[in-house]
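Chains, contacts and geometry: an overview
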Amino acid sequence: MIEQAEIFALMNRNRTEFVKSSGRPAIGWLSIYTPEEILYAAGLVPFRITGEFAQNTSEAGSMICSNFCSYLLHSLSEGIEGIYDFADGIVIVDECDWRKRLYETWKKQLNPPFTYYLELPKMITPESKAYFRLQLKKWVAALESHYHIQITNEALHRSISLHNETRTLLQRLYKLRQSDCSPVTGMEALQIMKAATAGRKEEFNLELARFLDDREARNEPPTKRHRVLVCGSYFDQPELVEIIEQTGAQIVCEDTSIGIKYAEGSIEETEDPLTAIADYYLEKATCARMFDSDIRLNHLLDLIETYEADSVIYFTLKFCDIYLMDYPYVMNRLQQRGISVLFIEGEQQMSNIQSIKTRVQTFLETRMF
Ligand code: SF4
């Protein structure tokens, strides 16, 4: 019998097969600012492109630039290698300049049947929310015209409700991790968070509900372990998670896009679904691409307190300007409060894992013993 947690790892290992077997047209996305609700309401399967299956990035590097955010470089390589040929296309949200380049290259070089670039404001004001709603409306119109369908308010309401259910379940997962003896490891959490974006929300919700029922029923005696919070840019680094947890420390929260950022809040189930979707995504101001570092910092401080984190690991992918620029500010403010931070700069597939291992072990062991 497959261990409950292994089901999520399997969903990820067979990610493309899992998406394909739905039998519905699929659209890939890369940013957590992509309203999956709209794609789902259009009868499509929205799935996150992870970049993890790419074999070789040299062709992608020659098309865009080798000194490129490696998450995007690996994602483009997957596209070039034909991994997403089964899908109808991609939607790319205007989150950083690299993504603009990726959109142009993907459209020109791979030219799938449907590509869309969704504009996203950087400020959170009534005007920017109204503007974003307008962009969503244009995107809905493009989908309707491409697929010869109508995306009704009823379909949007059903989709919002399904995605809110996923958020509620994921929030239960994070709640469990607040306990003194979290029954969920960092590796399990990473697999679950990735599986949440593998496109099949109904199946995922069922599996996660079963997993949570089982873990909530466990009554393990509290054992105090050093609690680590990971924050920063795109973080899909199982080797690093393993290194951290092998020291005896435990990752209790990830303030990243494959982490709590994906699961926070919920969309109001009000009369006008597009307004509710626009408001929800714009208020998700925890990504470094949004203005106002203090909103992000205060949010991080709240998480450190809620999860009783003893130390913080700030991870950023090389060439991710927005998270690199944010780091000195975050580090100063955390250190002023006596919170120790380790900065790690890495790549999607890390070549310098041994040196990172030494730094992580030194950082954690000097704080644990
Ligand atoms: S990790 Fe940074 S550079 Fe890469 S896509 Fe995300 S925001 Fe852009």
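Look a little higher up for the structure.
Read on for an overview of the structure. Since the structure is predicted, the reported quantities are computational estimates derived from the model, not experimental observations. (Residues numbered from 1 in each chain as written. Predicted model: local features only at pLDDT ≥ 70, side-chain atom pairs only at ≥ 80, totals over all residues. Heavy atoms only, no water.)

**Details of the overall build of the protein**
Helix and strand content of the protein: 16 helices and eight strands. Taken over C-alpha atoms, the radius of gyration comes to 20 Å for the protein, in line with the 21 Å a tight globule of 369 residues would show. Expressed as lengths along the three principal axes of its C-alpha atoms, the size of the protein is roughly 65 × 50 × 50 Å. Going through the 369 residues of the protein one by one, you find that 57% of them count as buried. Accessible surface, the protein: about 15,400 Å² in total, of which carbon and sulfur atoms supply 50%. Across the protein, the mean location of the 39 positive side-chain charges is 2 Å away from that of the 53 negative side-chain charges. (Helix = DSSP H or I, 4+ residues; strand = E, 2+ residues; numbered from the N terminus. Rg over C-alpha atoms; globule rule 2.2 N^0.38 Å. Buried < 20%, exposed > 50% of the residue type's maximum accessible area, 1.4 Å probe, protein only. Areas by Shrake-Rupley, 256 points an atom, 1.4 Å probe, with all protein chains shown as cover. Lys, Arg positive; Asp, Glu negative; His and termini not counted. Charge placed at Lys NZ, Arg CZ, Asp CG, Glu CD.)

**Here we look at the packing of aromatic side chains**
What describes a pair of aromatic rings is the distance from one ring centre to the other and the angle between the planes of the rings. Applying the stated criterion to the full structure yields 18 aromatic pairs. A ring pair is formed by Phe-8 and Phe-211, whose centres lie 5.7 Å apart and whose planes are at 90°; its orientation type is edge-to-face. On the criterion of sequence distance, the pair formed by Phe-8 in helix H1 (residues 4–13) and Phe-211 in helix H10 (residues 201–217) is long-range, its members being 203 residues apart. Of the residues examined, Phe-8 reaches a relative accessible area of 0% and is grouped as buried. The interplanar angle of 85° and the centroid separation of 6.4 Å between the aromatic rings of Tyr-174 and Tyr-307 together place this pair among those described as edge-to-face. Of this pair, Tyr-174 sits in helix H8 (residues 153–176) while Tyr-307 sits in the loop between helix H14 (293–306) and strand S7 (311–317), and the two are 133 residues apart along the sequence. Judged on exposure class, the residue Tyr-174 and its partner Tyr-307 are both buried. Among the aromatic residues, those joined into a ring-pair cluster are Phe-114, Tyr-116, Trp-139 and Tyr-147. When the ring centre of Phe-18 is taken as origin, the NZ or CZ atom of Arg-200, which lies over that ring, is 4.7 Å away. (Phe/Tyr/Trp six-rings, centres within 6.5 Å; stacked < 30°, edge-to-face > 60°. Lys NZ or Arg CZ within 6 Å of the ring centre and 35° of its normal.)

**Examining the site of the ligand**
Taken together, the neighbourhood of the ligand is formed by Cys-69, Leu-72, Cys-96, Trp-98, Arg-99, Ser-233, Leu-317, Cys-320 and Ile-322. When its residues are assigned to classes, the shell around the ligand shows seven nonpolar, one polar and one charged. (Near = heavy atom within 4 Å. Nonpolar A, V, L, I, M, F, W, Y, C, P; charged D, E, K, R; others polar.)

**Brief notes about H1**
Gln-4, Ala-5, Phe-8, Ala-9, Met-11 and Asn-12 are the residues of H1 that are buried. Seen along its axis, H1 keeps its buried residues to an arc of 165°; they face one direction. In this structure, the buried side of H1 is in contact with helix H2 (15–20), helix H9 (186–195) and H10. (Arc of directions from axis to C-beta. Contact = heavy atoms within 4.5 Å.)

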